[in-house]
Amino acid sequence: MERVILHVDMDAYFASVEQQINPSLRGRPVLVCGNPLTKTVVASASYEAKRQGVRSGMSIPEALKLCPDAILVPGNPICYAETSRVVFSLLSLFTDTLEIYSIDEAFLDVSRTFPLFGGKGALGRRIKETIRKKTGLTCSVGMAPNKLLAKIAASLVKPDGLRIIEEKEVPELMSDLPVEEVPGIGPRLASLLSDWGITTCGQLQRLGENFLITRFGLRGRFLYQAACGFDNSPVVPTPPQPKSIGHSYTLPFNTDHTDFLRSVLFRLAEQVAARMRQSSFHGRVVTVCLRLDDFTTFTRQRKFASVPPDGRRIFTLAWQIFSSFTLVRPVRLLGISVSELSAETPLPLFPEEKTRENLFHTVDEINRRLGENTVFPATFLLEKMVKPPVPKTHAFQFWRFKHSDTTRIPT
Amino acid sequence: MITEINEPIKVATIFTQGKVKICWFIWKGKRRDAVNTTFFWKSYRGEKRIYHFALSNGQEVFEISFCPEDLSWYLDRVHLK
């Protein structure tokens with residue numbers, strides 16, 4: 001049986017949703033970001049903005065330098081997540097083997113179902129039309145014998161394209177394909193390869209598997225196989241157990257204010273703990289990530305006998321790690337993650353542990369019924385007490401918030 | 001410009017065959033016609049399901065939400081040109 005993998009990638013997803021919500025934004029450069037009154041980055045740029053060089057992850061001043069007419073729109077993550085759910089439920093009409101790859105991407109194994117829809121091209125067009133009719137959004141579809149090639153195919157025809165790669169055309173396609181088009185080869189690696197004079201997958205293939213393994217270890221094997229267009233990975237409908245649970249946060253302003261950083265770290269620890277409790281996980285390794293205002297990033301981790309899903313405990317461990325950093329510049333981003341997760345929950349030995357477990361259960365239940373952060377530790381309020389400086393960039397004048405960024409205090 | 005409002009409003013709506021057609025709503029004592037619904041999504045506030053609608057009158061876009069549990073309508077945000 002011919003293996004046919006289909007990759008669906010929504011085009012400039014968040015920006016396109018905003019352009020659907022507000023028709024006056026259509027055809028204009030839109031940047032979806034966090035609250036524009038605070039320091040934030042571009043989460044998604046419309047194609048009109050991308051054409052002027054704006055990319056996701058850029059800081060707002062950097063993006064506005066490239067695209068001064070850009071319209072900043074604060075993101076609406078709930079709307080995007082719900083719209084994704086609608087898109088994925090539409091995709092599940094075409095196969096029972098659907099892997100949700102990210103909020104705006106999915107792989108479908110359509111090997112058994114594509115003949116039912118009149119062939120590969122007809123199926124691709126039908127999927128695009130179904131999504132467009134239901135949501136008004138466009139997507140790019142790639143079809144190929146494996147996931148790697150399907151993803152490459154979709155990326156080659158963005159936006160709103162459909163590309164089918166047949167097995168027989170793979171060698172020719174890969175020989176001329178720029179290395180940065182391969183998922184897994186980022187700008188840094190592409191630049192390193194470019195320094196060696198390697199710019200296409202064909203040149204990478206000619207280096208040989210053994211050389212790449214010697215130079216890059218196991219990653220070298222991936223590089224060689226990717227350069228040849230090989231990929232045996234299956235489409236996995238059920239997400240595997242996560243390797244780690246983490247949260248990070250770009251601060252609204254760069255700071256070295258210890259109390260503020262402490263309260264942010266505490267909130268992140270509580271968020272990680274709440275997610276661990278949802279899946280009944282314990283962990284063993286705590287990692288703290290720190291990015292300074294010059295974008296230098298530090299990551300440190302420590303292994304413990306057990307990391308329970310208790311925000312206070314995770315915070316204490318994370319704060320120990322954080323305190324080992326010497327802050328020479330203001331902090332831009334903080335992150336915590338817990339890894340080496342295990343579903344085996346040790347029974348509480350001491351009465352205080354049992355009391356805290358009951359407390360978590362009650363708080364989680366209240367928040368589940370009445371909404372996130374209906375009940376939260378008072379320490380969170382400290383974070384809101386430090387006010388960010390107001391940016392002076394003219395583009396921020398687009399925005400006025402009557403109740404901006406208000407803290408929900410339980411009544 | 002987007003302005004956060006979060007105020008209760010009165011809405012004239014036709015519920016028919018599982019679909020919702022919003023005709024107009026009253027905000028600040030003034031009737032605003034909904035020429036078309038540009039987008040629709042759902043969310044949860046705790047266990048409560050909330051239905052969100054983006055309505056355009058050609059000039060402005062209004063994001064309104066409906067909670068079937070307490071039959072309340074809210075004007076969430078206004079996008080001004």
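Residues numbered from 1 in each chain as written. Chains lettered and ligands numbered in written order. Predicted model: local features only at pLDDT ≥ 70, side-chain atom pairs only at ≥ 80, totals over all residues.

### Some words on the sheet that holds strand S5 (residues 36-45) of chain B
For clarity, the threshold we go by: The pairing criterion for strands is at least two bridges between them, as found by DSSP. Think of it this way: any DSSP run of H or I at least four residues long counts as a helix, any run of E at least two long counts as a strand, and we number them from the N terminus. Note on method: axes are straight lines fitted to C-alpha atoms, helices fitted across the in-contact stretch only, with angles between N-to-C directions ranging 0 to 180 degrees. By the criterion used throughout, residues are in contact when their C-beta atoms, derived from the backbone, lie within 7 Å.
One open sheet holds the five strands; their spatial order is S1-S8-S7-S6-S5 (chain B), and the pairing between them is antiparallel. Lying at the two open borders of the sheet, with one neighbouring strand each, are strand S1 (2-8) and S5 of chain B. When the angles between neighbouring strand axes are averaged without regard to direction, this sheet yields 20 degrees. As paired elements, S1(B) and strand S8 (residues 72-79) of chain B share five bridges and run antiparallel to each other. Residue Glu4(B) lies in a different strand from S8(B), and its bridge partner there is Arg77(B). Those strands touched by helix H1 (residues 13-21) of chain A are S5, strand S6 (48-56) and strand S7 (61-67) of chain B, and its axis lies near 120 degrees from that of S5(B). Across the sheet, helix H4 (residues 77-91) of chain A lies against S5 and S6 of chain B, angled at about 100 degrees from S5(B), the strand it touches most.

### Re the environment of Thr16(B)
Following the sequence through the fold, Thr16(B) ends up in strand S2 (residues 10-16). Along the chain, Thr16(B) and Met1(B) lie 15 residues apart, while their C-alpha atoms are 33 Å from each other.

### Looking at the interface of chain B and chain A
For clarity, the threshold we go by: Lys, Arg, Asp and Glu make up the charged group, whereas Ala, Val, Leu, Ile, Met, Phe, Trp, Tyr, Cys and Pro make up the nonpolar group; the residues left over, Gly among them, are polar.
Facing 20 residues of chain B, the contacting portion of chain A comprises 22 residues. Residue assignment for the side of chain B that touches chain A shows that the elements contributing at least two residues are S1, S5 and S6 of chain B. Among the elements that make up the side of chain B that touches chain A, the one with the highest residue count is S5(B) (six residues). Per-class residue counts for the side of chain B that touches chain A are seven nonpolar, eight polar and five charged.

### Let's talk about helix H6 (residues 147-156) of chain A
Residue and element names in this part refer to chain A. Put simply, the rule is: Buried, partly exposed and exposed are defined by the number of other C-beta atoms within 10 Å of a residue's own C-beta, namely 20 or more, between the two limits, and 12 or fewer respectively, with C-beta atoms placed from the backbone.
Burial of H6 is extensive: eight of the 10 residues sit out of reach of the surface. Lys-147, Leu-148, Leu-149, Ala-150, Lys-151, Ile-152, Ala-153 and Ala-154 are the residues of H6 that are buried. Tucked inside the fold, the buried residues of H6 contact strand S1 (5-10), strand S6 (105-109), strand S7 (139-144), strand S8 (162-164), helix H7 (170-176) and helix H11 (218-228).

### Remarks on the packing of helix H12 (residues 258-278) of chain A against helix H13 (residues 311-323) of chain A
Residue and element names in this part refer to chain A. Which entries qualify depends on this criterion: Roughly parallel means an angle under 35 degrees; roughly antiparallel means over 145; roughly perpendicular covers 65 to 115; every other angle is labelled oblique. For any helix crossing, the convention is left-handed if the near helix is rotated counterclockwise from the far helix by under a right angle, and right-handed if that rotation is clockwise.
Viewed as axis vectors pointing N to C, H12 and H13 meet at an angle of 135 degrees, and their least axial separation amounts to 8 Å. Here H12 lies oblique to H13, going by the angle between them. Relative to H13, the crossing made by H12 is right-handed. Residues Arg-262, Leu-265, Phe-266, Ala-269, Glu-270, Val-272 and Ala-273 of H12 form the contact with H13, whose own contacting residues are Gly-311, Ile-314, Phe-315, Ala-318, Trp-319 and Phe-322.

### What about the pairing of strand S10 (residues 283-292) of chain A?
Residues and elements named next belong to chain A. Bridge count between S10 and strand S11 (residues 297-307): eight bridges; the pairing is antiparallel. Bridging across to S11, Val-285 finds its partner in Lys-303. If you look at the hairpin formed by S10 and S11, you'll find four residues sitting between the two strands, and Phe-295 has a positive phi there, around 70 degrees. Judged from the eight bridges that link them, S10 and strand S12 (residues 331-339) form a sheet pairing that is antiparallel. Bridge pairing in S12 links Cys-289 to Gly-335.

### Some details on the nonpolar core
Residues and elements named next belong to chain A. Here is the rule: By convention the nonpolar core is taken to be a set of buried residues drawn from Ala, Val, Leu, Ile, Met, Phe, Trp, Tyr and Cys and joined through C-beta atoms within 7 Å.
Core analysis: the biggest nonpolar cluster contains 81 residues, and Leu-6, Leu-31, Val-54, Ala-63, Ala-70, Leu-108 and Ala-150 have the highest contact counts within it. If near-sequence neighbours (up to four positions away) are discounted, Leu-108 is found in contact with Leu-6, Leu-91, Phe-94, Thr-95, Thr-97, Leu-98 and Val-235. Within the second largest apolar cluster, 24 residues are counted, among which are Leu-268, Phe-315, Ala-318 and Val-338.

### Here's the deal with H11(A)
Note on helix geometry: an α-helix contains 3.6 residues per turn, so any two residues three or four positions apart are oriented the same way. All names here are of chain A. Which entries qualify depends on this criterion: What the arc measures is the spread of directions leading from the helix axis to the C-beta atoms.
Every buried residue belonging to H11 is among Leu-223, Tyr-224, Ala-226 and Ala-227, and all of these are buried. Each buried residue of H11 lies within a common arc of 165 degrees when the element is viewed along its axis, so the set occupies one face. For H11, the elements touching its buried residues are H6, H7, helix H9 (201-207) and helix H10 (209-216). Gly-229 lies just past H11 and shows a positive phi near 85 degrees.

### As for unusual backbone geometry
Residue and element names in this part refer to chain A. Residues Lys-158 and Pro-159 are joined by a peptide bond in cis, for which omega reads -10 degrees. Structurally, Pro-159 can be placed in the loop between H6 and S8. Its identity is not glycine, yet Ser-280 carries a phi of approximately 55 degrees, on the positive side. Take Ser-280: it is sitting in the loop between H12 and S10. The exposure class of Ser-280 is exposed, given the 11 C-beta atoms found within 10 Å. For Glu-340, which is not glycine, the phi torsion reads 55 degrees and is therefore positive. Examined against the element boundaries, Glu-340 turns out to sit in the loop between S12 and helix H14 (351-370).

### Re the pairing of S6(B)
Residue and element names in this part refer to chain B. Inspection of the sheet shows S5 paired to S6 by nine bridges, in the antiparallel sense. The partner of Tyr-44 across the bridge, within S6, is Arg-49. If you look at the hairpin formed by S5 and S6, you'll find two residues sitting between the two strands, and Gly-46 has a positive phi there, around 65 degrees. Where S6 meets S7, six bridges bridge the pair, whose relative direction is antiparallel. When the sheet's bridge partners are listed, Ala-54 is paired in S7 with Glu-63. Hairpin connection of S6 to S7: four residues between the antiparallel strands, including Gly-58 at a positive phi of 95 degrees.

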